[in-house]
Amino acid sequence: NAGVTQTPKFRILKIGQSMTLQCTQDMNHNYMYWYRQDPGMGLKLIYYSVGAGITDKGEVPNGYNVSRSTTEDFPLRLELAAPSQTSVYFCASSSAGGGYTFGSGTRLTVV
Amino acid sequence: QQQVKQSPQSLIVQKGGISIINCAYENTAFDYFPWYQQFPGKGPALLIAIRPDVSEKKEGRFTISFNKSAKQFSLHIMDSQPGDSATYFCAASIKGTSYGKLTFGQGTILTVHP
């Protein structure tokens, strides 16, 4: 039972580069979320999805895009990386009324 | 109105002591209040959660106290152990909707000295 799997675990990007953070869950959860974690700031919601084909913005969506073509996958796309996007990114999933299951995170550095 | 404010930012406790972390919220529509525990290099994991229809919930050494009128809730860790050293996040959501987008507090770094 893998839960929520995030790849890669670490990545260094140059300013202006693009990348996709992958997230896959095997619990058949309808709801999926992307958060970023910065020191002393808690976790901020970037995007979320309530089911395949449905996504919506969270608190800090600028500079990011998502898609949800299947129940299992919820990739996060960074189009033009900026130093402000240096952070730890967490994907999570939940069932209706259930607690979140988080992945182990992706540590991204933009230089 | 969506903020959840958490304090203290860091906490040092001796083994066997009581750790107390406090959170305050503004949005009276919040009706689900979980606490998450995060170890270094790992994602947060659900520790304990409470609904506002009860004032206290206890699971082992962990207790949530909830004060609806003051819009505050707190986590108490009794007989704190070095293995409890982690970052703790409070959170809140409107669970009455079909999904629960969590709003997180800023986090508290707990260190328990042996």
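Structure: see above.
Scope of this entry: the structure provided in the associated data block. (Residues numbered from 1 in each chain as written. Chains lettered and ligands numbered in written order. Predicted model: local features only at pLDDT ≥ 70, side-chain atom pairs only at ≥ 80, totals over all residues. Heavy atoms only, no water.)

**Structural notes on the overall build of chain B**
What counts here: Comment: elements are numbered from the N terminus, with helices defined as DSSP H or I runs of at least four residues and strands as E runs of at least two. Every radius of gyration here is taken over C-alpha atoms, with the globule rule written as 2.2 Å times N^0.38, N being the number of residues. Contacts are residue-level and defined by heavy atoms, with any inter-residue pair within 4.5 Å sufficient. Computed with a 1.4 Å probe, the accessible areas rest on the Shrake-Rupley method; for each residue, only the protein chains presented here act as cover. Charge assignment in this entry is limited to Lys and Arg as positive and Asp and Glu as negative, and neither His nor the chain termini are counted. Charge positions come from single atoms, namely NZ of Lys, CZ of Arg, CG of Asp or CD of Glu.
In terms of helices and strands, chain B carries 0 helices and 11 strands. Mapped in sequence order, the helices and strands of chain B form the string β-β-β-β-β-β-β-β-β-β-β. At 14 Å, chain B has a C-alpha radius of gyration in line with the 13 Å of a compact globule built from 114 residues. Expressed as lengths along the three principal axes of its C-alpha atoms, the size of chain B is roughly 45 × 30 × 20 Å. Contacts in chain B between residues far apart in sequence, at least 24 positions, make up 55% of those at least 6 positions apart. Put simply, chain B shows about 5,500 Å² of open surface, and 52% of that area lies on carbon and sulfur atoms. Each charge class in chain B can be summarised by its mean position, and for the 11 positive and 7 negative side chains these summaries are 4 Å apart.

**What to know about the state of the cysteines**
To keep it simple, the criterion reads: The criterion for a disulfide is a pair of cysteine sulfur atoms lying within 2.5 Å. Only protein chains enter the accessibility calculation, which uses a 1.4 Å probe; a residue is then buried when its area is under 20% of its type maximum, exposed when over 50%, and partly exposed in between.
A full pass over the atoms with the stated rule returns 2 disulfides over all chains. The residue that forms a disulfide with A:Cys23 is A:Cys91, at a sulfur-sulfur distance of 1.9 Å. Taking the torsion about the sulfur-sulfur bond, which here is approximately -70°, the covalent link between A:Cys23 and A:Cys91 counts as left-handed. Taken together, the residues span a long stretch of sequence, with A:Cys23 in strand S3 (residues 19–25) and A:Cys91 in strand S9 (residues 87–94) at a distance of 68 residues. With relative accessibility at 0%, the residue A:Cys91 sits in the buried group. Between the sulfur of B:Cys23 and that of B:Cys90 lies a disulfide, 1.9 Å long from S to S. In this structure the cystine formed by B:Cys23 and B:Cys90 twists about its S-S bond by roughly -95°; its chirality is therefore left-handed. One end of the pair, B:Cys23, is in strand S3 (residues 19–25); the other, B:Cys90, is in strand S9 (residues 86–92), and 67 residues separate them in sequence. Using a relative accessible area of 2% as the deciding quantity, one classes B:Cys23 as buried. A residue is classified by how much of its surface remains accessible, and B:Cys90, at 0% relative accessible area, is buried.

**Quick notes on the sheet that holds S3(A)**
All names here are of chain A. To keep it simple, the criterion reads: Pairing between strands is defined by DSSP: at least two bridges between the two strands are required. Between the N-to-C directions of two axes lies an angle of 0 to 180 degrees, each axis being a line fitted to C-alpha atoms and, for a helix, fitted only over the stretch in contact.
In space, the 4 strands of this open sheet follow the order S1-S3-S8-S7, with antiparallel pairing throughout. The open sheet terminates on both sides in strands that have one partner only, identified here as strand S1 (4–7) and strand S7 (64–66). Each neighbouring strand pair of the sheet contributes to a mean axis angle of 20°, computed without reference to strand direction. Sheet topology note: the S1/S3 ladder contains 4 bridges and is antiparallel. Within S3, the residue paired with Thr 7 across the bridge is Gln 22.

**Remarks on the pattern of salt bridges**
Residue and element names in this part refer to chain A. For clarity, the threshold we go by: Basic side-chain nitrogens of Lys or Arg form a salt bridge, by our definition, when they fall within 4 Å of a carboxyl oxygen of Asp or Glu.
Applying the stated criterion across every chain yields a total of 5 salt bridges over all chains. Between Lys 44 and Glu 59 there is a salt bridge; the shortest N-O distance is 3.7 Å. Of this pair, Lys 44 sits in strand S5 (residues 42–51) while Glu 59 sits in the loop between strand S6 (54–57) and S7, placing them 15 residues apart in sequence. Here Arg 77 ties to Glu 79 by a salt bridge, and the two come within 3.3 Å at their closest N and O atoms.

**A look at a nonpolar patch on the surface**
This is how the line gets drawn: Grouping into patches uses exposed residues only, defined as over 30% relative accessible area, and leaves out salt-bridged ones; the cut-off is 9 Å for like charges and 5 Å for nonpolar side chains (Val, Leu, Ile, Met, Phe, Trp, Tyr).
Side chains of B:Ile18, B:Ile20 and B:Met78 sit close together on the surface and give an oily, nonpolar patch of about 240 Å² of accessible area. With respect to the helices, strands and loops of the structure, B:Met78 is situated in the loop between strand S8 (72–77) and S9.

**Considerations on the interface of chain A and chain B**
Selection rule: Note: buried area is the sum, over both parts, of the accessible area (probe 1.4 Å) each one loses when the two are combined. We define a polar contact as two N or O atoms separated by no more than 3.5 Å, with the added condition that, inside protein, one atom must be a possible hydrogen donor and the other a possible acceptor, whereas residues neighbouring each other in sequence contribute only through side-chain atom pairs. The classification used treats Ala, Val, Leu, Ile, Met, Phe, Trp, Tyr, Cys and Pro as nonpolar, Asp, Glu, Lys and Arg as charged, and all other residues, Gly among them, as polar.
Between chain A and chain B, the contact holds 20 residues from the first and 19 residues from the second. Summed over both sides, the interface of chain A with chain B buries roughly 1,500 Å², with 58% coming from carbon and sulfur. Three residues stand out in chain A for area buried against chain B, namely A:Leu43, A:Tyr100 and A:Phe102, and they jointly supply 30% of the buried area on that side. Our count for the contact surface shared by chain A and chain B stands at 5 residue pairs in polar contact (both at pLDDT 80 or more). For the side of chain A that touches chain B, the secondary structure elements donating two or more residues are strand S4 (31–38) and S5 of chain A. Among the elements that take part in the side of chain A that touches chain B, S5(A) stands out by supplying 5 residues, more than any other. Of the residues that constitute the side of chain A that touches chain B, the class distribution is 12 nonpolar, 8 polar and no charged.

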